Amino acid sequence: QDSSGATVCRVVMSDITERKFRDDERELTTRLIEMINEPGGFRECLAGLTGSLQKWSGCEAVGIRLNDGNDYPYFETRGFPPAFVRDESHLCAFGPDGKVLRDDLGAPVLECMCGNVLCGRFDPTKPFFTTHGSFWTNSTTSLLASTSEADRWAHTRNRCHGEGYESVALIPLRASGQVFGLLQFNDPRTDRFNAPLIEHFERMADSLAIALARRQASEALRESEARFSKAF
């Protein structure tokens, strides 16, 4: 009753959005890790993973880059045009002599924003980088118009923008303190991301990276043993 004695109804509401978001995050990450650990070929595993990430994120295109020698080619993509995948599969910069360019430490020079994320080149004071080393933008058009290559920390090829992708997110895959790949989310629509969603991507990627690194190492060992057996 209120002060006048009239009967009233009190309604108490609690916002559980963040809790629900975290619960969904854990459930999704668990399903994806189970998928990585399922029997079968590594490529089939990555195909299922990219398909699930594409469906869950709602982005038009999703890709996974993993380390292979000096480079980080796409191991699996979903939604990207074949020509884009072909042209962007390799990130190494080449000199006039056709040889891979290397930095002062002898490491290959990796171009574009993917190269930044994979090499740990980032400035968290810039609005398009995170303290975790990810890159994201909701408008490649605005980004290119308002920044220079010096601001972007690398020679950018701008093929994502040229292909019509406005929203782009690049999330590092890190295991044992080393970045060995990345997850890429592209969409032609603007404003597909926000800071909480990128943080969600990062937490999920950190969990997936451990399972992916183990699976990739296992596949590499199996292939090495097969080659040795054949040679023997």
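Here, every reference points to the structure presented above.
The shown structure was predicted, so the numbers you read here are calculated from the model rather than taken from an experiment.

1. A short note on the overall build of the chain
Piece 1. Of the regular secondary structure elements, the chain holds 8 helices and 5 strands.
Piece 2. In sequence order, the secondary structure elements of the chain are arranged as α-α-β-β-α-α-β-α-α-α-β-β-α.
Piece 3. In terms of principal-axis extent, the alpha carbons of the chain reach across some 90 × 50 × 35 Å.
Piece 4. Each of the 232 residues in the chain was classed as buried or not, and the buried ones make up 43%.
Piece 5. Residue pairs at least 24 apart in sequence account for 58% of intrachain contacts in the chain once pairs closer than 6 positions are excluded.
Piece 6. For the chain, the distance from the average position of its 27 positive side-chain charges to the average position of its 33 negative side-chain charges is 3 Å.

2. Quick notes on the pairing of strand S1 (residues 61–66)
Piece 1. Along S1, 6 of the 6 residues are buried, which leaves the element largely enclosed by surrounding structure.
Piece 2. Of the two faces of S1, the one lined by Ala61, Gly63 and Arg65 and the one lined by Val62, Ile64 and Leu66 are each fully buried.
Piece 3. Relative to strand S5 (residues 178–187), S1 runs antiparallel, the two being bridged by 6 bridges. Paired with Gly63 across the bridge in S5 is Gln184.
Piece 4. Note that S1 and strand S2 (residues 74–78) share 4 bridges and pair antiparallel. Residue pairing in the sheet places Gly63 in a bridge with Thr77 of S2.

3. Here we look at the side chain of Ser167
Piece 1. Considering the arrangement of structural elements, one finds Ser167 in strand S4 (residues 167–175).
Piece 2. Side-chain polar atoms of Ser167 contact the backbone oxygen of Arg189, separated by 2.6 Å.
Piece 3. Those residues in contact with Ser167 that lie beyond four places of it in its chain are Thr137, Asn138, Phe185, Asn186, Asp187, Arg189, Thr190, Asp191, Arg192 and Phe193.

4. Considering the pattern of salt bridges
Piece 1. Applying the stated rule across the entire model yields 7 salt bridges.
Piece 2. A salt bridge links Arg86 to Asp87; its shortest N-O distance comes to 3.4 Å.
Piece 3. Exposure remark for Asp87: the relative accessible area of 37% places this residue in the partly exposed category.
Piece 4. Connected through shared salt-bridge partners, Glu88, Glu111, Arg157 and Arg159 make up one network.

5. Overview of the packing of aromatic side chains
Piece 1. Counted according to the given criterion, the structure contains 11 aromatic pairs.
Piece 2. Centre to centre, the rings of Phe122 and Phe129 are 6.3 Å apart; their planes meet at 55°, and the pair counts as tilted.
Piece 3. Phe122 gets classed as partly exposed once you look at its relative accessible area, which sits at 24%.
Piece 4. Of the residues examined, Phe129 reaches a relative accessible area of 4% and is grouped as buried.
Piece 5. Grouped by ring-pair contacts, the aromatic residues Trp56, Phe185, Phe193 and Phe201 constitute a single cluster.
Piece 6. Taking the ring centre of Tyr74 as reference, the NZ or CZ of Arg65 above it sits at 3.9 Å.

6. Some remarks on the packing of helix H1 (residues 17–37) against helix H2 (residues 42–57)
Piece 1. Orientation of H1 relative to H2, taken along the N-to-C sense of each, is 160°, at an axis distance of 9 Å. The pairing of H1 with H2 is recorded here as roughly antiparallel in orientation. Remark: the crossing between H1 and H2 carries right-handed chirality. In this structure, H1 uses Leu28, Leu32, Met35 and Ile36 to contact H2, whose residues at the interface are Cys45, Gly48, Leu49, Ser52, Leu53 and Trp56.
Piece 2. Residues belonging to the contact of H1 with H2 are distributed by class as follows: 8 nonpolar, 2 polar and no charged.

About the thresholds
- Residues numbered from 1 in each chain as written.
- Predicted model: local features only at pLDDT ≥ 70, side-chain atom pairs only at ≥ 80, totals over all residues.
- Heavy atoms only, no water.
- Helix = DSSP H or I, 4+ residues; strand = E, 2+ residues; numbered from the N terminus.
- Buried < 20%, exposed > 50% of the residue type's maximum accessible area, 1.4 Å probe, protein only.
- Contact = heavy atoms within 4.5 Å.
- Lys, Arg positive; Asp, Glu negative; His and termini not counted.
- Charge placed at Lys NZ, Arg CZ, Asp CG, Glu CD.
- Pairing = 2+ DSSP bridges.
- Polar contact = N/O pair within 3.5 Å; in protein donor to acceptor, adjacent residues only side chain to side chain.
- Salt bridge = Lys/Arg side-chain N within 4 Å of Asp/Glu carboxyl O.
- Phe/Tyr/Trp six-rings, centres within 6.5 Å; stacked < 30°, edge-to-face > 60°.
- Lys NZ or Arg CZ within 6 Å of the ring centre and 35° of its normal.
- Axes fitted to C-alpha atoms, helices over the stretch in contact; angles between N-to-C directions.
- Parallel < 35°, antiparallel > 145°, perpendicular 65-115°, else oblique.
- Left-handed = near helix turned anticlockwise from the far one by under 90°.
- Nonpolar A, V, L, I, M, F, W, Y, C, P; charged D, E, K, R; others polar.

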